[in-house]
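So you can see what is in the structure, the chains are spelled out below.
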Amino acid sequence: KMLKLGARASSLRCAYRAIQTAGRNCRRQEHTSLHCRCLSSSPPEYGSLTDRVRQSLEGVVGWGNVSTSLSVREHHGKDESYHPCIPPAAVVFPTSTEEVSRVARLCDTEHIPVIPFGTGTGLEGGVSAVMGGVCVDLSKMDSIVEVHTEDFYASVQPGVTRKTLNSYLRDTGLWFPIDPGADASVCGMAATSASGTNAVKYGTMRENVLNLQVVLADGRVLHTAGLAGRARKTSAGYNLTNMFIGSEGTLGFITQATVRLYGVPEATVAAVCPFPSVEAAVTTTVEVLQAQIPVAKMEFLDEESLDAANRYFKLDYPVAPTLFLEFVGSPQSVEEQANAVSELARDNGCSSFVWERDHGARSQLWKARHEWLYAGLALEPGKKAVTTDVCVPISKLPEVLLDTKKDLQNSPFTAPTLGHVGDGNFHSMILVDPDNREEVQLARELMARMARRALAVGGTCTGEHGIGRGKMAVLEEEFGPVGIDVMRTLKRTLDPNNIMNPGKVIHMAL
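Residues numbered from 1 in each chain as written. Predicted model: local features only at pLDDT ≥ 70, side-chain atom pairs only at ≥ 80, totals over all residues. Heavy atoms only, no water.

### What about the overall build of the chain?
Put simply, the rule is: Numbering of helices and strands starts at the N terminus; helices are DSSP runs of H or I of at least 4 residues and strands are runs of E of at least 2. Burial classification: accessible surface area is computed with a 1.4 Å probe over protein chains only, and a residue below 20% of its type maximum counts as buried, one above 50% as exposed, and the rest as partly exposed. To measure how exposed things are, a 1.4 Å probe is used in the Shrake-Rupley method; for residues, cover is taken only from the protein chains shown.
Counting its regular elements, the chain contains 17 helices and 18 strands. With respect to the principal axes defined by its C-alpha atoms, the chain has extents near 80 × 55 × 55 Å. In the chain, buried positions account for 54% of the 510 residues. Of the roughly 21800 Å² that the chain leaves accessible, carbon and sulfur atoms contribute 52%.

Next comes the structure, spelled out in structure tokens:
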């Protein structure tokens, strides 16, 4: 029996080495197909995951916390975007900042790329191992380190999701309001500068992070707002915190985030407002903001989005351009806000102003909004969603949204559109045949036109999805050569061997 086991182990080691050798010899290819497959191997400037390196990783995180299983690697080589799956060579599961530091130091010494992984809910291919390497899954670091109710902050590790944090806070009268829809990890939300439906009232992650603990590429541990920084404002030194917010794992591993908390509102009311046209709905949005009515949520859904929500969730809302609204505060202030918005909406042709005071009805309404992606996919089973977002100045929102809708309507695709219109951010989902190269290319061209339309009026190519792999070219148009060169300089300074999530956000000259 021992001889048989030894022979089997030897055979497996040989097979593993053969796969590695074959992978190193194959040239990386870009595919337009959206199905998961192994696309790349480490280019010659990067090191390989040899048995020696793998054993060293096991020595850091433990034998059971390193996986080279194909199913595990494929799970970590894709997010919820249309980008093809590119699995890493291995996945490691550290359980402490010290282990993350040692993994980073080892991989930096060996010139092996590392890709941070939270919950995999991104939308721009940010976790794909385009240069091979090791995926570092931070989900086992799941402690809520500290909650300070008097100072309205909490410190959490990267395995803590926003829903987990809010569940923990339930009896404190506080909550963390940033809500991108998916149950993303709080540290991952910082890495992508997430926002979501509550941004019109509470802001984005940029306004709600007080301090970050970051493991740099060489293993050093940085506290971006000071070693024990918890103050709600500071003018000390460079703003290192915001440099890492939105860096998408290209500058370091976020291993702890200290975030702002808020009091749970006394009263909450939602409303559904259908309009005769997209223009009427968006005009109402602008007028509400100009009137400085403090709405908590203001979401736009077009006809296709409402149709998808009705079918998927068995609702019966009118299929028309619609605003979903939410008002919070004291019972009196909520009533005043809702009445003021109702008057503006009716002036723009709103046919009804449906109140949702019941908690269950409100939850169903916002579930329909948050699961828009899945409702949209159900419109054409078998298709994949090419999703994108832009953000524009509020005054330009009607123009850009209407032009985008016309462009999508003139295409051969089903393409629902919605947005966090209260802050000028909207999204489109283009449903394509994943094996049809022409469709995929046409969808990418539509996305590029949408981004350039936003840039032309002083907007940005992404309000919350991030750059990842999908928007690197248009980012260069947005910032120009000097802006991109400064970003490259920062990247080279913090990560001279370019091991931190390479092939994302900015192109690095070899």
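### Quick word on the pattern of salt bridges
To keep it simple, the criterion reads: One speaks of a salt bridge when a side-chain nitrogen belonging to Lys or Arg is within 4 Å of a carboxyl oxygen belonging to Asp or Glu.
All told, the structure shown has 18 salt bridges when counted by the stated rule. A salt bridge links Arg52 to Glu110, with the nearest nitrogen and oxygen atoms 3.0 Å apart. Of the two residues, Arg52 is situated in helix H2 (residues 51–61) and Glu110 in helix H4 (residues 97–110); the sequence distance between them amounts to 58 residues. Judged by relative accessible area, which is 21%, Glu110 ranks as partly exposed. For Glu335, the salt bridge identified is with Arg357, shortest N-O distance 3.8 Å. With Glu335 in helix H12 (residues 331–347) and Arg357 in the loop between strand S15 (354–356) and helix H13 (359–370), this residue pair connects regions lying 22 residues apart in the sequence. Judged by relative accessible area, which is 35%, Glu335 ranks as partly exposed.

### Some points on the sheet that holds strand S9 (residues 221–223)
What holds strands together in a sheet is hydrogen bonding between their backbones, with the strands either parallel or antiparallel. Cut-off, in case you're wondering: Strands are labelled as partners when DSSP assigns at least two bridges between them. Axis definition: a line fit to C-alpha positions, over the contact stretch in the case of helices; interaxial angles, taken between N-to-C directions, run 0 to 180 degrees. What makes two residues a contact is simply this: any of their non-hydrogen atoms within 4.5 Å.
Strand order in the open sheet formed by 5 strands is S5-S6-S10-S8-S9, with antiparallel pairing between adjacent strands. In this open sheet, the two edge strands, each paired with only one partner strand, are strand S5 (144–148) and S9. Neighbouring strand axes in the sheet, compared pairwise and without regard to direction, differ in orientation by 10 degrees on average. The pairing of strand S6 (residues 153–156) with strand S10 (residues 253–260) spans 4 bridges and is classified as antiparallel. Each bridged residue has a counterpart across the sheet, and for Ser155 the counterpart in S10 is Thr258. In the packing of H4 onto the sheet, contacts are made with strand S8 (209–215), S9 and S10, and the angle to S8 comes to roughly 50 degrees.

### Some remarks on the environment of Asp358
Inclusion rule: Throughout this description, a polar contact denotes any pair of N or O atoms lying within 3.5 Å of each other; where both atoms belong to protein, one of them has to be capable of donating a hydrogen while the other can accept it, and for residues adjacent in sequence the pair is counted only when both atoms sit in side chains.
Within the fold, Asp358 resides in the loop between S15 and H13. For Asp358 and Gly159, which are 199 residues apart along the polypeptide, the C-alpha to C-alpha distance reads 32 Å. One polar contact links the side chain of Asp358 to the main-chain amide nitrogen of Ala361, over a distance of 3.0 Å.

### A word on the sheet that holds strand S1 (residues 66–67)
The strand order S1-S2-S4-S3 describes an open sheet built from 4 strands, whose pairing is mixed. On the outer flanks of this sheet lie S1 and strand S3 (114–117), each paired with one strand and no other. Judged from the 3 bridges that link them, strand S2 (residues 90–92) and strand S4 (residues 134–137) form a sheet pairing that is parallel. Directly across from Val91, in S4, lies its bridge partner Cys135.

### With respect to the pairing of strand S16 (residues 384–391)
Most of S16 is tucked away, with 7 of its 8 residues classed as buried. Pairing geometry for S16 and strand S18 (residues 425–432), over 8 bridges, is antiparallel. Directly across from Val386, in S18, lies its bridge partner Ile430.

### Regarding the pairing of S8
Across the 7 residues of S8, 7 count as buried, placing the element largely inside the fold. Looking at chain direction, S8 and S10 are connected through 6 bridges and run antiparallel. Note that in S10 the partner of Gln213 across the bridge is Gln256.

### A word on empty space enclosed by the protein
Our working rule: Whether a set of points on the 1 Å grid over the protein atoms alone is a cavity depends on a 1.4 Å probe fitting there but being unable to get out, while an open set qualifies as a pocket with protein on both sides within 12 Å along at least five of seven lines; lining residues are those with an atom within 4 Å of a point. Grid points are joined across faces, edges and corners, and a volume is the space filled by probe spheres set on the points. In this classification, the charged set is Asp, Glu, Lys and Arg, the nonpolar set is Ala, Val, Leu, Ile, Met, Phe, Trp, Tyr, Cys and Pro, and all remaining amino acids, among them Gly, are polar.
By the definition in use, this model includes 1 cavity of 30 Å³ or more. Its boundaries defined by the atoms lining it, the largest cavity holds a volume of some 40 Å³. Lining the largest cavity, in full, are Thr388, Thr404, Asp407, Leu408, Ser428, Ile430, Leu446, Met450 and Arg453. Class assignment of the residues belonging to the lining of the largest cavity gives a composition of 4 nonpolar, 3 polar and 2 charged.

### A few points about H2
Listed as buried for H2 are Asp51, Val53, Arg54, Leu57, Glu58, Val60 and Val61. Downstream of H2 by a residue or two, Gly62 has a phi angle that is positive, lying close to 100 degrees.

### Structural notes on the nonpolar core
Where we set the bar: Side-chain atoms within 4.5 Å link the members of a nonpolar core, which is a set of buried Ala, Val, Leu, Ile, Met, Phe, Trp, Tyr and Cys residues.
With 34 residues, the main nonpolar core has Phe275, Leu323, Leu325, Phe327 and Val341 as its most contacted residues. When residues of this core are traced back to their parent elements, those giving at least two are strand S12 (267–274), helix H10 (278–290), strand S13 (297–301), strand S14 (322–329), H12, helix H15 (397–409) and helix H16 (437–456). Contacts of Val341, omitting those with residues within four sequence positions, involve Val288, Ile293, Val295, Leu325, Phe327 and Phe353. With 28 residues, the next largest nonpolar core counts Val156, Val160, Leu165 and Leu216 among its residues.

### With respect to the packing of aromatic side chains
To be explicit about the condition: In this analysis, rings of Phe, Tyr and Trp, with Trp reduced to its six-membered ring, are considered paired at centre separations within 6.5 Å, and the interplanar angle assigns stacked below 30 degrees, edge-to-face beyond 60, and tilted for intermediate values. Charge over a ring is defined by NZ of Lys or CZ of Arg lying within 6 Å of the ring centre and within 35 degrees of the ring normal.
Inspection of every chain in the model, using the stated rule, returns 6 aromatic pairs. With 4.9 Å between their ring centres and 85 degrees between their planes, Tyr312 and Phe313 make a pair best called edge-to-face. Between Phe353 and Trp355, the ring centres sit 5.5 Å apart and the planes meet at 75 degrees, which makes this aromatic pair edge-to-face. With relative accessibility at 8%, the residue Phe353 sits in the buried group. An aromatic cluster of three or more residues is present, and its members are Trp175, Tyr202 and Tyr262. The side chain of Lys201 reaches across the aromatic face of Tyr202, ending 5.7 Å from its centre. In this structure, Lys297 is placed above the aromatic ring of Trp366, and the distance from its NZ or CZ to the ring centre is 4.4 Å.

### Re a nonpolar patch on the surface
Filter applied, for reference: For patch building, the residue pool is restricted to those with more than 30% relative accessible area and no salt bridge; the joining distance is 9 Å between like charges and 5 Å between nonpolar side chains (Val, Leu, Ile, Met, Phe, Trp, Tyr).
On the surface, Val482, Val486 and Leu490 cluster together to form a nonpolar patch covering roughly 260 Å² of accessible area. Inspection of the secondary structure assignment puts Val486 in helix H17 (residues 472–494). In this structure Val486 comes out as partly exposed when scored by relative accessible area, which is 46%.

### Details of the packing of H16 against H17
Threshold: By definition in this entry, angles of less than 35 degrees are roughly parallel, angles greater than 145 are roughly antiparallel, angles of 65 to 115 are roughly perpendicular, and the rest are oblique.
Axis separation between H16 and H17 bottoms out at 11 Å; the angle between their running directions is 10 degrees. Looking at the two axes, H16 sits roughly parallel to H17. Taking contact as the criterion, the partners of Ala451, Arg452 and Leu455 in H16 are, on H17, Val474, Glu477 and Glu478. For the contact of H16 with H17, the per-class residue count stands at 3 nonpolar, no polar and 3 charged.

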